[in-house]
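# Structural characterization, general
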Amino acid sequence: MTIRRSSNDRLALGALLILAVGTFTVGTDGFVLNGLLPTIAADLRVSEAVAGQLTTVFAVTYAVSSPLIAAFTGRLDRRWVLGAGMVLFTIGMAGQALGESFAVVAVARVLAALGAAAFQSNAYVLAGALASDERRGRALATVSAGMSVSMVLGVPIGVLAGTWFGWRAVMWGIGAVAVVVMLLVPLLPGLRMPTVSLRDRLAVVVRPPIARVLGVSVLGTAAGFVAFVYLPVLVAPVATGAMISWLLVGFGIGQIAGNAFAGRATDSLGPARVRSLSLIGTVATLALLDVAVLSLPGTLVLALASGVFGGMLMVPQQHRLFSLAPDAPTVALGLNGSAIYGGGALGAALGGVVLSSAGVWWVAPVAAFVALLAFALSVPSRAPVVQPA
């Protein structure tokens, strides 16, 4: 791995901030559709369960394409991959804004997901390469904060703008921010990672410790998406329209707090403890969701708590993968990106099935059960110690 960089900490911080703005942009697109789901469904003349599958389309595309993009761009400077990703992402946003049918918007979501896959996993790789071992958790948290801030600012503003100007205007706005990020990418330090074939990438997956971490990412993300994609339906008894934005603000503030805590706590306490706290808290908040939505204050409190625990998960996951795969960190983080979006696809699809077949009151219990599975998988197995004869 070679990286051309200055020893100036301000340069490293500037690079991390550019990457964070990029993850903010991708995160806003990834989540804002959930808050606009009823409007999009009505405009495209499909049910809300079907419209929710736009999230599934995005997530599946990301999960499948991330390792392929990494394999075919292994020799390139990461700046080229980051810049090309933002170009493709911008085209996808324009396609969503212009699409007049579900099929066209779904294809545009595929293009946006391809661009997001090229940008996001490489953003974390560059952040990890810029940081020393003892500060890697905080560097990863800085970039990951872009996703959290998208919940506090991007998603609520997007929902409000969608209410006032229409959901297509929101897509144009996200695309405009993506153009800004694209123009800032050349300012990043150059980075070339060791070339790793697709076969070698798949070999990393079968390493048992890495497979377990990736499984936790899949299930942990799926748990949140089972409920979050259908948030407007779940909270309909107490919150509709612009009020959903305040719920998203609470969730996003919690995400930022959880992400910030995870960065320092992972460096000081270790990733295992932070991950366990995140998953146990997620189980508890999802289990209480059906009770919380009986009142607006309860819903707001639960949104905040859910954001805190959810925001704590990925920093220890990424840190653990850096430790488990020092020979192929870009492979491990790329696979974790696939796991995250694979979990998103699984959660969105599962939530749609539960909503259509069992009804809204079963969505939260199913989400809590999936989070419990993630926690069970995260607990290391204790093989019996064989004593020498």
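Values in this document were obtained by computation on a predicted structure and should not be read as measured data.

## A closer look at the overall build of the protein chain
Looking only at helices and strands, one finds 18 helices and 2 strands in the protein chain. The 389 residues of the protein chain split such that 55% are buried. Taking the contacts inside the protein chain whose residues are at least 6 apart along the sequence as the reference set, 85% of them involve residues at least 24 apart. Carbon and sulfur atoms provide 72% of the accessible area of the protein chain, an area that totals close to 15,900 Å².

## Describing the side chain of N336
Considering the arrangement of structural elements, one finds N336 in helix α17 (residues 329–357). On the basis of relative accessible area, N336 is assigned to the buried category, the value being 1%. Excluding residues that lie within four positions of it along the chain, N336 makes contacts with L214, S217, M314, Q318 and L321.

## Focus on the confidence of the model for the protein chain
In the predicted model, the protein chain carries a mean pLDDT of 80, and the fraction of residues at 70 or more is 84%. Of all secondary-structure elements in the protein chain, the lowest mean pLDDT belongs to strand β1 (residues 2–4), at 45, while helix α18 (residues 363–378) reaches the highest, 93. Within the model, pLDDT remains below 50 along residues 1–8, and this stretch shows 22 contacts once partners closer than five positions in the same chain are excluded. This model gives residues 383–389 a pLDDT under 50, and the stretch forms 0 contacts once residues within four places in sequence are excluded.

## So, the pattern of salt bridges
Scanning the model with the defined rule gives 3 salt bridges in all. Measuring nitrogen to oxygen at the nearest pair gives 3.1 Å for the salt bridge that ties D43 to R168. Residue D43 is located in helix α2 (residues 37–44), and its partner R168 is located in helix α8 (residues 167–184); the two are separated by 125 residues in the primary sequence. Judged by its relative accessible area of 29%, D43 falls in the partly exposed class. Between E100 and R168 there is a salt bridge whose closest N-O contact spans 3.9 Å. With a gap of 68 residues between them, E100 in the loop between α5 (78–98) and α6 (102–130) and R168 in helix α8 connect regions that are remote in the sequence. What makes E100 exposed here is its relative accessible area of 57%.

## As for the side chain of T61
Looking at the secondary structure, you find T61 in helix α4 (residues 53–72). Look at T61 and you get buried, because its relative accessible area is 14%.

What counts, and at which threshold
- Residues numbered from 1 in each chain as written.
- Predicted model: local features only at pLDDT ≥ 70, side-chain atom pairs only at ≥ 80, totals over all residues.
- Heavy atoms only, no water.
- Helix = DSSP H or I, 4+ residues; strand = E, 2+ residues; numbered from the N terminus.
- Buried < 20%, exposed > 50% of the residue type's maximum accessible area, 1.4 Å probe, protein only.
- Contact = heavy atoms within 4.5 Å.
- Areas by Shrake-Rupley, 256 points an atom, 1.4 Å probe, with all protein chains shown as cover.
- pLDDT = per-residue confidence, 0-100.
- Salt bridge = Lys/Arg side-chain N within 4 Å of Asp/Glu carboxyl O.

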